[in-house]
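# Close look at the chain arrangement
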Amino acid sequence: PKPCPPGSACPSGTAHNVTGSWLPSFESGQIAPQPCAEGYHCPQNSSSIMGAGQCPPGHYCPPQSALPIKVPPGSFAGEEGGAIAPSLCLPG
């Protein structure tokens, strides 16, 4: 097996590091790294699509995030965490 790339998860039995969709009817889909779930971040060698956990408040994690991304000034991400994109603040 090869190291699991950042932004993906490698369940037990992963044999290569080309990320692809989980397609159990195809051998390559069974042994390929899986994209990290939206709202979560997966550093290198994650074993679950929920990786290191839910994206923290003040950050967002689009699909295949290796690390949380801090929201830019003038925007916000939900107080609960798990945001997949920042939202713009309203004027005032």
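What comes next concerns the included structure. (Residues numbered from 1 in each chain as written. Predicted model: local features only at pLDDT ≥ 70, side-chain atom pairs only at ≥ 80, totals over all residues. Heavy atoms only, no water.)

A word on the overall build of the chain. Along its length, the chain carries one helix and eight strands. Moving toward the C terminus, one meets the helices and strands of the chain in the order β-α-β-β-β-β-β-β-β. Expressed as a percentage of the 92 residues in the chain, the buried residues total 28%. Restricting the contact set of the chain to residue pairs at least 6 apart, pairs at least 24 apart contribute 37%. (Helix = DSSP H or I, 4+ residues; strand = E, 2+ residues; numbered from the N terminus. Buried < 20%, exposed > 50% of the residue type's maximum accessible area, 1.4 Å probe, protein only. Contact = heavy atoms within 4.5 Å.)

With a phi close to 70 degrees, asparagine 45 is a non-glycine residue in the positive phi region. Mapping asparagine 45 onto the fold places it in the loop between β3 (40–41) and β4 (53–54). Even without being glycine, glutamine 64 reaches a positive phi, approximately 70 degrees. Here glutamine 64 lies in the loop between β5 (59–60) and β6 (69–70).

When you line up the elements, methionine 50 lands in the loop between β3 and β4. Contact partners of methionine 50, with chain neighbours within four places excluded, come to Tyr40, His41 and Cys42.

What follows covers the side chain of serine 8. Looking at where serine 8 falls in the secondary structure, it is placed in strand β1 (residues 8–9). By relative accessible area, which is 1% here, serine 8 ends up buried. A polar contact is formed between the side chain of serine 8 and the backbone oxygen of proline 5, at a distance of 2.7 Å. (Polar contact = N/O pair within 3.5 Å; in protein donor to acceptor, adjacent residues only side chain to side chain.)

Attention shifts here to the state of the cysteines. Counted under the stated rule, the structure contains three disulfides. Disulfide pairing places cysteine 55 opposite cysteine 61 at an S-S distance of 2.2 Å. With the S-S bond torsion at 75 degrees, the cross-link from cysteine 55 to cysteine 61 turns out right-handed. Take cysteine 61: its relative accessible area is 0%, and that puts it in the buried class. Cysteines bonded in the chain are numbered consecutively along the chain; their disulfide partners then correspond to 1-2, 3-4, 5-6. (Disulfide = S-S within 2.5 Å.)

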